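Structure at a glance
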Amino acid sequence: MIPTPDLSHLTKEDFEHVYEPAEDTFLLLDALEVDAQDLKNIAPTICLEIGSGSGCVLSFIGGILGPSTLYLSTDINPHACRCTRSTGAQNKVSIDPINVGFASPLYNRLKHAVDLIVFNPPYVPTFEDEVRGAQDTRDIQGSWAGGLDGMGVTGVFLEHVEELLSLHARFYLVAVKDNNLPKIQQNMLKKHGLQSEVVLQRRAGREHLFVLRFVRNVM
Ligand SMILES: C[S@@+](CC[C@H](N)C(=O)[O-])C[C@H]1O[C@@H](n2cnc3c(N)ncnc32)[C@H](O)[C@@H]1O
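All values derive from a computational prediction rather than experimental measurement. (Residues numbered from 1 in each chain as written. Predicted model: local features only at pLDDT ≥ 70, side-chain atom pairs only at ≥ 80, totals over all residues. Heavy atoms only, no water.)

1. As for the packing of aromatic side chains
Spelled out, the test is: Note on ring pairs: Phe, Tyr and Trp rings are taken, using the six-membered ring of Trp, and paired if centres are within 6.5 Å. Classes follow the plane angle, with under 30 degrees stacked, over 60 edge-to-face and the rest tilted. Secondary structure elements are defined from DSSP: runs of H or I of at least 4 residues count as helices, runs of E of at least 2 residues count as strands, and each element is numbered from the N terminus. Each residue is placed in one exposure class: buried if its accessible area under a 1.4 Å probe, protein chains only, is under 20% of its type's maximum, exposed if it is over 50%, and partly exposed if it falls in between.
Within this structure, the stated rule accounts for three aromatic pairs. Arranged with centres 5.6 Å apart and planes meeting at 80°, the rings of Phe119 and Phe157 form a pair that is edge-to-face. Residue Phe119 is found in strand E4 (residues 114-119), and its partner Phe157 is found in helix H7 (residues 154-158); the two are separated by 38 residues along the sequence. Note on Phe157: relative accessible area 0%, which makes it buried. Centroid distance Phe157 to Phe171: 5.9 Å. Interplanar angle 70°. Geometry classified as edge-to-face. Placement of the pair is Phe157 in helix H7 and Phe171 in strand E5 (residues 165-176), with a sequence separation of 14 residues. The two residues Phe157 and Phe171 agree in class, both being buried. An aromatic cluster of three or more residues is present, and its members are Phe119, Phe157, Phe171 and Phe214.

See the structure below:
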């Protein structure tokens, strides 16, 4: 069993501004643990987390893959970037956080060079102006506000993720039933040649959570 990262250095005040790991985070950790041996076999050179929040997920991946992988993260929230770096340090994983939306500065520089991407996005359906406000404010609201079908933020990244993925790369995405998984899966296959399957799913209160794994369609 891979240990859950130590977050004891983060304070109540940190979690007023940064997403505290919850059921969605833990489902993603469980999915990565299911795939741990495959991930070790791929031996990623570059791993990127979009929306790293506390840094819990990337530190967990660091526990699977060890120090030969380069760990990059992005988050629109500057507090999250600070916490990601310190959580990495606390768990002996060297993480380089970038305070940007999505992976904007990396699309050209890391074209088809990233071997593992993970994204637990703000997936909660909200009013459209709420997602715009949250993206502008760059604070805790940006952790959940997802627009009408909860896809306002995820949808933007899905248009770009293929550009980053290397030949044998994997991309893990957290989603909820309201996001319309069949539609996501069909679009990604048709538009970007990425096939997907559900690695794990779990009910948590009113949410039905899923982790999707995308790989290139090699047909
Ligand atoms: C649900 S939280 C997940 C945090 C962490 N990865 C976890 O699993 O606990 C979503 C994260 O995405 C970040 N985020 C929201 N919009 C983003 C964007 N456009 N680009 C990068 N990060 C974003 C939020 O600030 C937040 O940290």
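Having seen the structure, we can now continue with the description.
2. Here's the deal with the sheet that holds E5
As a general point, the strands of a sheet are linked pairwise by backbone hydrogen bonds and lie either parallel or antiparallel. Here is the rule: One bridge is not enough; two strands pair if DSSP finds at least two bridges between them. Every axis in this analysis is a line fitted to C-alpha atoms, fitted for helices over the stretch in contact. Angles between the N-to-C directions lie between 0 and 180 degrees.
Here seven strands make up an open sheet; going across it, the order is E3-E2-E1-E4-E5-E7-E6 and the pairing mixed. Each having just a single partner strand, strand E3 (95-98) and strand E6 (194-204) make up the two edges of the open sheet. Strand-to-strand twist in this sheet, taken as the mean axis angle between neighbours without regard to direction, amounts to 15°. Bridging between E6 and strand E7 (residues 207-216) involves 10 bridges; their strand directions are antiparallel. Bridging across to E7, Val198 finds its partner in Leu212.

3. Section: unusual backbone geometry
Unusually for a residue other than glycine, Lys92 sits at a positive phi of about 60°. Structurally, Lys92 is set in the loop between helix H5 (78-90) and E3. Exposure remark for Lys92: the relative accessible area of 79% places this residue in the exposed category. Despite not being glycine, Phe102 shows a phi value in the positive range, around 55°. Of the residues examined, Phe102 reaches a relative accessible area of 18% and is grouped as buried.

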